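# An overview of the molecular structure
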Amino acid sequence: MKNILNAPFVQEMKDATANMYRLGWDERNGGNISYLLDESEVAEYLDLSNVIRTIPTGFDASALIGKIFIVTGTGKYFKNVEKDPETNLGIVRIAKDGTTAELLWGYKDGGKFTSEFPAHMMSHISRLAIDKNHRVVMHSHPTYTIAMNTVCSIDEKEFTHKLWQSNTEAIVVFPDGVGILPCMVCGTNEIGEATAEKMKNFRLVIWTNHGIYGTGTSMDEAFGLIETVEKTAQIYMLTLGHVVNVIPDEVLKGLASLWNLKPLDGILK
Ligand code: 13P
Ligand code: ZN
């Protein structure tokens, strides 16, 4: 059996959490990541018949029975993942009953997965139905995204248009736009269900006054989506009240046609 601390998926979790912390997106225990793993790859590092303990999910995750995820722990600080992955991360498999998670590794101090586990698992279900290669759900608290969401309407099309108008990369990276939920109580099944509903149409979902979710087929893709929204929101906020030039719809259409993209309907004139 190989040493799990050398597994590429553990390294990816360490790198992502360290980068997110250093970018100032994830203060204290802010943010969480879940990453769907390939069973055969995990089997190189862990005895999959050895369940350390079981943890109730609190919702029906039947659509994910048998699937294995590496997930950040609740209350754990992203800045600490790199130096102690076995305490701050866990690897869980959704059990046959669909309402229990079997701990295969990690949460060494008796901890458990993120309080946003419902939003993560329900979002995985939505995204896997659209793209069988989907793997990562990433949640973060990036400053400028939250600031822009605070001063703008939460109308998804208006908000997406403002982002596209502020940075030519935006429409290229997320032509499908950004979904937005109103301010809700986090850590609940209810916000999980609302997020998963948005994830049927969007790879990016903003939680008003809270943060953002990004998804993707890889850690880089989910990270890159959030990174591009955050960079664009930063430009928007730095120029707010002083704007002279926004990217015209004609140029946005030209970018979409250059890159063979279908921008979200109902935005460009
Ligand atoms: P956890 O520490 O439970 O992951 O919660 C952090 C967070 O960002 C809540 O939305
Ligand atoms: Zn959060």
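Look up a bit, the structure's there.
These lines cover the structure that appears in this document, whether it is placed above or below. (Residues numbered from 1 in each chain as written. Chains lettered and ligands numbered in written order. Predicted model: local features only at pLDDT ≥ 70, side-chain atom pairs only at ≥ 80, totals over all residues. Heavy atoms only, no water.)

Now for the packing of aromatic side chains. Applying the stated rule across the entire model yields 5 aromatic pairs. On the numbers, 6.1 Å between centres and 55° between planes, the contact of F59 with F117 is tilted. Of the two residues, F59 is situated in the loop between strand 2 (53-56) and strand 3 (68-72) and F117 in helix 5 (residues 117-130); the sequence distance between them amounts to 58 residues. Take F59 and F117: they sit in the same class, and that class is buried. (Phe/Tyr/Trp six-rings, centres within 6.5 Å; stacked < 30°, edge-to-face > 60°. Helix = DSSP H or I, 4+ residues; strand = E, 2+ residues; numbered from the N terminus. Buried < 20%, exposed > 50% of the residue type's maximum accessible area, 1.4 Å probe, protein only.)

The next thing to look at is the packing of helix 5 against helix 9 (residues 189-198). Contact geometry of helix 5 with helix 9 gives a least axis separation of 8 Å together with a crossing angle of 25°. Looking at the two axes, helix 5 sits roughly parallel to helix 9. Crossing of helix 5 against helix 9: the hand is right-handed. On helix 9, the residues that touch P118, A119, M122, S123 and S126 of helix 5 are N189, G192, E193, T195 and A196. Considering only residue class, the contact of helix 5 with helix 9 consists of 4 nonpolar, 5 polar and 1 charged. (Axes fitted to C-alpha atoms, helices over the stretch in contact; angles between N-to-C directions. Parallel < 35°, antiparallel > 145°, perpendicular 65-115°, else oblique. Left-handed = near helix turned anticlockwise from the far one by under 90°. Contact = heavy atoms within 4.5 Å. Nonpolar A, V, L, I, M, F, W, Y, C, P; charged D, E, K, R; others polar.)

We now examine the side chain of E230. Tracing the sequence through the fold places E230 in helix 10 (residues 219-239). Nearest to the buried, unbridged E230 among oppositely charged side chains is K231, at 11 Å. Not counting residues within four places of it along the chain, the set of residues in contact with E230 comprises W25, P142, T143, Y144 and T145. (Lys, Arg positive; Asp, Glu negative; His and termini not counted. Salt bridge = Lys/Arg side-chain N within 4 Å of Asp/Glu carboxyl O.)

With that settled, consider the side chain of S34. Take S34: it is sitting in strand 1 (residues 32-37). Among the residues examined, S34 registers a relative accessible area of 0% and is labelled buried. Polar side-chain contacts of S34 include one of 2.8 Å to the side chain of H120. A polar atom in the side chain of S34 sits 2.7 Å from the side chain of H124. (Polar contact = N/O pair within 3.5 Å; in protein donor to acceptor, adjacent residues only side chain to side chain.)

Taken together, N29, G30, G31, N32, T74, G75, T114, S115, E116, H139, H141 and H210 form the complete shell of residues around ligand 1. Taking T114, its side chain carries an N or O atom lying 2.7 Å from an oxygen atom of ligand 1. Here an oxygen atom of ligand 1 sits 3.4 Å away from a polar atom, N or O, in the side chain of H139. In the shell around ligand 1, the residues fall into no nonpolar, 11 polar and 1 charged. (Near = heavy atom within 4 Å.)

Distances from the zinc ion (ligand 2) to its protein donors, H139 (NE2), H141 (NE2) and H210 (NE2), fall within 2.0 to 2.1 Å. On the primary sequence, the residues serving as donors to the zinc ion (ligand 2) are separated as H-x1-H-x68-H. (Donors = N, O, S within 2.8 Å, 3.2 Å for Na, K, Ca; no water.)

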